[in-house]
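# Structure assessment
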Amino acid sequence: MSREVIIQRIEKSDLIEAKKELMIEIIQNKKEDDFDKKVDRLYRQFSKSSSFKKHAEKMVVRDDEKLKICNMMLVMSVTLTLFFLKAVLTQKFMVNFSIDAIIGCAAFVFAFMNVRTKYRTLKRYDLVRDFIYLDVLSLILCILFKISFPVQVDFSLVILIVDYYLCKKRFREKAFEKLEG
């Protein structure tokens, strides 16, 4: 069976996106052109090989680095956005409303772009549901703490950093589990 046909079958299969990408990458790197007809049998055959494990580890490390950067940028941008929201509620601005609004809106847009990148990466591993609960809970807690406590006591940054470390730790475990399963 030719490479193009098997790649089309892989793309139409119900595997998660990360598995599809791994299989296509391995097929394109293989020298011979003799493949089984069943995609799931081909995946089981590939998943036992050492090249699969090497490619899987590279992919997870690459996506883990992308998530680390997105999460770090999210911590900073969400913190700035929350500072702006607190300033709007209390009418106590750092410089004036216009400059604070520009910084707050830019931080919000930056946060939105990073959230989109983060969840696009998590969707490849079918992990969106696992992480969305953690992110929504941490955001709600940040907003509640930011509104409830005075400016001198700021727990929102601590909550966002805890969320960052939990996401970082859980992604590697879950990603390898999804690729091997």
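Residues numbered from 1 in each chain as written. Predicted model: local features only at pLDDT ≥ 70, side-chain atom pairs only at ≥ 80, totals over all residues. Heavy atoms only, no water.

Below, the discussion takes up helix α4 (residues 50-90). Over its 41 residues, α4 runs 59 Å from end to end, which matches the ideal 60 Å to within 8%, given 1.5 Å per residue. Just downstream of α4, glutamine 91 is the residue with a positive phi angle, here 60°. (Helix = DSSP H or I, 4+ residues; strand = E, 2+ residues; numbered from the N terminus. Expected span 1.5 Å × (residues − 1).)

Moving on, we get to the side chain of threonine 81. Among the structural elements, threonine 81 can be located in helix α4. Within the structure, the side chain of threonine 81 is placed 3.3 Å from the backbone nitrogen of phenylalanine 108, a separation counted as a polar contact. With residues near it in sequence (within four places) discarded, threonine 81 still touches Gly104, Ala107 and Phe108. (Polar contact = N/O pair within 3.5 Å; in protein donor to acceptor, adjacent residues only side chain to side chain. Contact = heavy atoms within 4.5 Å.)

Where two aromatic rings form a pair, the distance of their centres and the angle of their planes describe that pair. Enumeration according to the criterion identifies four aromatic pairs in this entry. Between tyrosine 164 and tyrosine 165, the ring centres sit 4.9 Å apart and the planes meet at 70°, which makes this aromatic pair edge-to-face. Taken together, the aromatic side chains of Phe84, Phe93 and Phe97 make up a single cluster linked through ring pairs. Of note, arginine 170 hangs over the ring of phenylalanine 131, and the distance from its end group to the ring centre comes to 5.6 Å. (Phe/Tyr/Trp six-rings, centres within 6.5 Å; stacked < 30°, edge-to-face > 60°. Lys NZ or Arg CZ within 6 Å of the ring centre and 35° of its normal.)

Running from amino to carboxyl end, α4 crosses helix α5 (residues 97-124) at an angle of 150°, the nearest separation of the two axes being 7 Å. One element, α4, and the other, α5, form an angle in the roughly antiparallel class. For the pair α4 and α5, the sense of crossing is left-handed. Of the residues belonging to the contact of α4 with α5, the class tally is 17 nonpolar, seven polar and six charged. (Axes fitted to C-alpha atoms, helices over the stretch in contact; angles between N-to-C directions. Parallel < 35°, antiparallel > 145°, perpendicular 65-115°, else oblique. Left-handed = near helix turned anticlockwise from the far one by under 90°. Nonpolar A, V, L, I, M, F, W, Y, C, P; charged D, E, K, R; others polar.)

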